[in-house]
Amino acid sequence: MHRYACGEDGALDEVYRLGAPRVRAFLARLCADLALADDLTQEAFLRVYRARGSFAAGASALPWMLAIARNAFLDHIRRERVRRDHQATSAEEQRGQPVALDNGSDRAVMARQMLGVAQRALMELPVRQREAFVLMRFEGLSIDEAAEVLGTTQAAVKILVHRACVAIRAALDREDTGRVGPRAAAGHVR
Amino acid sequence: MKNDFDFGPVADFPDPVAGVDALPLPPMPAAPPVRPRTRSHLKTLRASALLGALVYEGVWLVVFNKRDDLAVLPRTTLLAEVAIPVAAAWLALAGATAPGPRGIGPAKGRLATWVLLSPAVFVGATLFAGPDDVDIESFWRHAVRCFLVTGLLGLGPLALALWAFRRSFVAAAPWRMAALGMGCSAVAAASMTFLCSVGSPAHVLVGHGGLMLVAGVAGALLGRRLGEA
């Protein structure tokens, strides 16, 4: 990244080869949709290209890229919110027309297969908690680094991750009792 | 990187996308048609913007009539009047442009301290140093006029800062754009010291420093759209 920031355009391939897997995994954990994560990875790297000059000398590339990827993700959420609001307001006009859905790609199918209980628990978290948890639990960032990526304080990161842990534990426990529940109920009937 | 948080009850929480690395990466997006700025380009650009802002201020100081008492005013008084907004500008600009330990920017707590310290220094020092001669009759007329002139003086630095720092903050963009807005406005307030002889704290805060508030709020509101990488 340092070489690319200094103007060596040939380093771009290496930046993408080394950075994209981490960025895509981070985005996939946040959005639980591999097809979307791929799109956002591409968008994030376009932003990385544009912002390369602001990459500080001697800095670590991963937190910087993750911060940019997070911006792309948050922009996507905002766009989606606006789109949903717009759809809600124009629902009356569109009533009766078929709605085209295009989430049947191979990648999306594979992603759906991959995402299970853990992903559901993760997706139930508010976005801020999810971001903090993913950055620290899976990306291996320290509290300081996560705080800088999220643009918040270290204390706030600790609170976010703690709340995320509590919520995930509760979700996993619910899932366990949900799985045990019907069997137990069936046994009771017999 | 070391993980310094005890995940306790979810330490064994599985990675929901484990194995994603085995899937092929999406194709690399085509590089933008315009070659993105390199680090040295950006450094030159920002130095040019700073120089341009100073030239802009200098030109307006030549064009406008200087304050009447400039020749007789004690140097120390003038220096103190200029030093207050300059200190505020330095604090805000240092906070906005600091790369931080990892190049993402300073930690939020430190950034907030710098950003909030800038107007605090301006307000505190102005209240402490200014004379108590408020002319209520003409206060708003003078204050609004000075606010408009400060706005004109601040227009150049603000536009140049926006040009030089557009889409370059990867984190805390609203805070950093707010700091940038306040810093540029404080530079304009410093220039205003050479044009306006009214030194009462109320006038200086509203007429000369009011733009800091406006530009700071505008920076915070537009920061994500304009400053975020």
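Residues numbered from 1 in each chain as written. Chains lettered and ligands numbered in written order. Predicted model: local features only at pLDDT ≥ 70, side-chain atom pairs only at ≥ 80, totals over all residues.

A. Molecular detail of the overall build of chain A. Along chain A, the regular secondary structure elements total ten helices and zero strands. When the helices and strands of chain A are placed in sequence order, the string is α-α-α-α-α-α-α-α-α-α. In chain A, buried positions account for 41% of the 190 residues. In chain A, once contacts between residues fewer than 6 apart in sequence are set aside, the share between residues at least 24 apart is 67%. (Helix = DSSP H or I, 4+ residues; strand = E, 2+ residues; numbered from the N terminus. Buried ≥ 20, exposed ≤ 12 C-beta atoms within 10 Å, placed from the backbone. Contact = placed C-beta atoms within 7 Å.)

B. Fine view of the overall build of chain B. When you go through chain B residue by residue, the secondary structure sums to seven helices and zero strands. In chain B, the succession of α and β elements from N to C terminus is α-α-α-α-α-α-α. For a compact globule of 229 residues, the expected C-alpha radius of gyration is about 17 Å, and chain B comes in at 22 Å, more than 25% above that figure. The dimensions of chain B, computed from C-alpha atoms along their principal axes, are 75 × 45 × 30 Å. Here chain B, with 229 residues, has 39% of them falling under the buried criterion. (Rg over C-alpha atoms; globule rule 2.2 N^0.38 Å.)

C. Quick look at the nonpolar core. Ranked by internal contacts, the top residues of the largest apolar core, which has 102 residues, are L27, I68, A69 and A132 of chain A together with A92 and A186 of chain B. Here this core takes 14 residues from helix α5 (residues 173-192) of chain B, the largest share from any one element. Taken domain by domain, this core gets at least three of its residues from each of domain 1 (1-91 + 104-115) and domain 2 (116-181) of chain A. Those residues in contact with L27 of chain A, other than ones at most four positions away along the chain, are A37, L40, T41, A69 and F73 of chain A. (Core = buried A, V, L, I, M, F, W, Y, C linked by C-beta atoms within 7 Å. Domains from an automatic or database assignment.)

D. Local environment of unusual backbone geometry. All names here are of chain B. One non-glycine residue, R167, lies in positive phi territory at about 50°. Tracing the sequence through the fold places R167 in the loop between α4 (139-165) and α5. At A172, a position not held by glycine, the phi torsion is positive, near 55°. Structurally, A172 can be placed in the loop between α4 and α5. Overall, the presence of 29 C-beta atoms within 10 Å leaves A172 in the buried class.

E. Examining the environment of P101 of chain B more closely. Note that P101 of chain B resides in the loop between α2 (75-97) and α3 (108-129). Considering only alpha carbons, one finds P101 of chain B and A188 of chain B, 87 residues apart in sequence, at a separation of 30 Å.

F. Quick peek at the interface of chain A and chain B. Tallying the contact residues gives 58 residues for chain A and 47 residues for chain B. For the side of chain A that touches chain B, the secondary-structure elements that each account for two or more residues are α2 (12-31), α3 (34-50), α4 (61-89), α6 (106-114), α7 (117-123), α8 (127-137), α9 (143-150) and α10 (154-189) of chain A. When residues in the side of chain A that touches chain B are grouped by element, the largest group, nine residues, is from α3 of chain A. Taken together, the residues of the side of chain A that touches chain B sort by class into 34 nonpolar, 14 polar and ten charged. (Nonpolar A, V, L, I, M, F, W, Y, C, P; charged D, E, K, R; others polar.)

G. Expanded view of the domain arrangement of chain A. Residues and elements named next belong to chain A. Parsing chain A into structural domains produces domain 1 (1-91 + 104-115) and domain 2 (116-181). On the domain 2 side, the residues contacting the ten residues of domain 1 number 15 residues. Ranked by residue count, the leading element in the side of domain 1 that touches domain 2 is α4, at five residues. Split by residue class, the side of domain 1 that touches domain 2 holds eight nonpolar, no polar and two charged.

H. Structural context of the environment of T38 of chain B. With respect to the secondary-structure elements, T38 of chain B resides in the segment before α1 (39-63). Under the C-beta neighbour-count criterion, T38 of chain B is labelled partly exposed, with 18 such atoms within 10 Å. The sequence separation of T38 of chain B and E57 of chain B amounts to 19 residues, and the corresponding C-alpha distance is 28 Å. Excluding its chain neighbours within four sequence positions, the residues that come into contact with T38 of chain B are A5, C6, G7, R52 and G53 of chain A.

I. Highlighting the packing of α5 of chain B against helix α7 (residues 210-227) of chain B. All names here are of chain B. Relative to each other, α5 and α7 sit at 145°, their axes nearing to 6 Å. At the point where α5 passes α7, the crossing takes the right-handed sense. Of the residues that constitute the contact of α5 with α7, the class distribution is 17 nonpolar, six polar and two charged. (Axes fitted to C-alpha atoms, helices over the stretch in contact; angles between N-to-C directions. Left-handed = near helix turned anticlockwise from the far one by under 90°.)

J. Region of the structure containing the packing of α8 of chain A against α9 of chain A. Residues and elements named next belong to chain A. Closest axis-to-axis distance for the α8/α9 pair is 10 Å, and the angle between their directions is 140°. Taken together, the axis directions place α8 and α9 in an arrangement best described as oblique. With respect to the hand of their crossing, α8 and α9 are arranged in right-handed fashion. Here E131, A132, L135 and M136 of α8 come into contact with α9, specifically with A146, V149 and L150. Its residues assigned to classes, the contact of α8 with α9 shows six nonpolar, no polar and one charged. (Parallel < 35°, antiparallel > 145°, perpendicular 65-115°, else oblique.)

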